[in-house]
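Survey of secondary and tertiary structure
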Amino acid sequence: GIGNHKHNDLLSLEVHLGGEDILIDPGSYLYTPDPDARNAFRGTLPHCTVMVDAVEQNRLVQGGLFALHADARPRVLAWEAGSVRGRVTAEHDGYCRLAEPVVHRRTVTFERGAGRVEVLDEFAHPRGRGGTHDFTWTFPLAPGCRIEPATDGWMIETKRQRVHLVWPCLHPEGEVLPVAVETGEGWVSPRYGVREKAPVLRWRWRGAIPSAVRFALRRLGSR
């Protein structure tokens, strides 16, 4: 359809722990005054999801700043909302238009008391075949966060707390995924027409499907 948010943010994750934003949606920034900025903010790469083979989840429409091609169909497969634990599983088929198609399925589990978020990303051919692809995970952090390497992952520090992001592993084997790691600065727009710098972490991995990758964030406590 036309006239709605229209961002490539399928299966994107936002995390709020200990009263603070940790992983966020980058926002919209501008609409018609700057088409390039509009498309940069609504692309797949800035969002906290997985980009496959450097391809958008939905193709951008030439000259259409409020529309995307209807390439990806999302489906919620399971939803559990409890007082102690919540879990959701969803998938989309936006990468099924690739020469070697891929379905991305993501399961997010939140353990409220532990302040722990676990993510399982599964990648499979819709007809059970194989294939090799380039996968890019993006983690857009809230302004004011700092991220530093840790023994088995990364430490995210805010004004009030520390959050541990665990190194990704293949599931269920538990083998550490040999990702190429990039850290830098990205843009976050807290409201229309305003943008500010914020840290970004990215993982890149080239691997075969079917595959499943697991990682987690855990609040370590106040600083």
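The structure we're discussing is the one just above.
Remarks on the nonpolar core
Of all hydrophobic cores here, the largest spans 40 residues; its most connected members are Leu23, Trp137, Ile156 and Trp203. Among the elements that take part in this core, strand β16 (residues 194–208) stands out by supplying 4 residues, more than any other. With residues near it in sequence (within four places) discarded, Trp137 still touches Thr49, Val50, Arg106, Asp121, Phe123, Leu177, Leu201, Arg202, Trp203, Trp205, Val213 and Phe215.

A few points about the side chain of Glu20
Its location among the elements puts Glu20 in strand β2 (residues 20–23). No salt bridge forms around the buried Glu20; measuring N to O, its nearest opposite-charge neighbour Arg160 is 4.4 Å away. At 2.8 Å, the side chain of Glu20 and the side chain of Gln161 are in polar contact.

Some remarks on the packing of aromatic side chains
What the rule picks out here adds up to 13 aromatic pairs. Measuring from centroid to centroid gives 5.4 Å for Tyr31 and Phe66, while their planes differ by 65°, and the two rings are edge-to-face. A residue pair is termed long-range when its members are at least 10 positions apart, and Tyr31 in the loop between β2 and α1 (35–42) and Phe66 in strand β5 (residues 64–68) qualify at 35 residues. Among the aromatic side chains, those forming a connected cluster through ring pairs are Phe123, Phe135, Trp137, Phe139, Trp154, Trp167, Trp203, Trp205 and Phe215. In this structure, Arg38 is placed above the aromatic ring of Phe66, and the distance from its NZ or CZ to the ring centre is 4.9 Å.

Calculation criteria
Residues numbered from 1 in each chain as written. Predicted model: local features only at pLDDT ≥ 70, side-chain atom pairs only at ≥ 80, totals over all residues. Heavy atoms only, no water. Core = buried A, V, L, I, M, F, W, Y, C linked by side-chain atoms within 4.5 Å. Buried < 20%, exposed > 50% of the residue type's maximum accessible area, 1.4 Å probe, protein only. Helix = DSSP H or I, 4+ residues; strand = E, 2+ residues; numbered from the N terminus. Contact = heavy atoms within 4.5 Å. Lys, Arg positive; Asp, Glu negative; His and termini not counted. Salt bridge = Lys/Arg side-chain N within 4 Å of Asp/Glu carboxyl O. Polar contact = N/O pair within 3.5 Å; in protein donor to acceptor, adjacent residues only side chain to side chain. Phe/Tyr/Trp six-rings, centres within 6.5 Å; stacked < 30°, edge-to-face > 60°. Lys NZ or Arg CZ within 6 Å of the ring centre and 35° of its normal.

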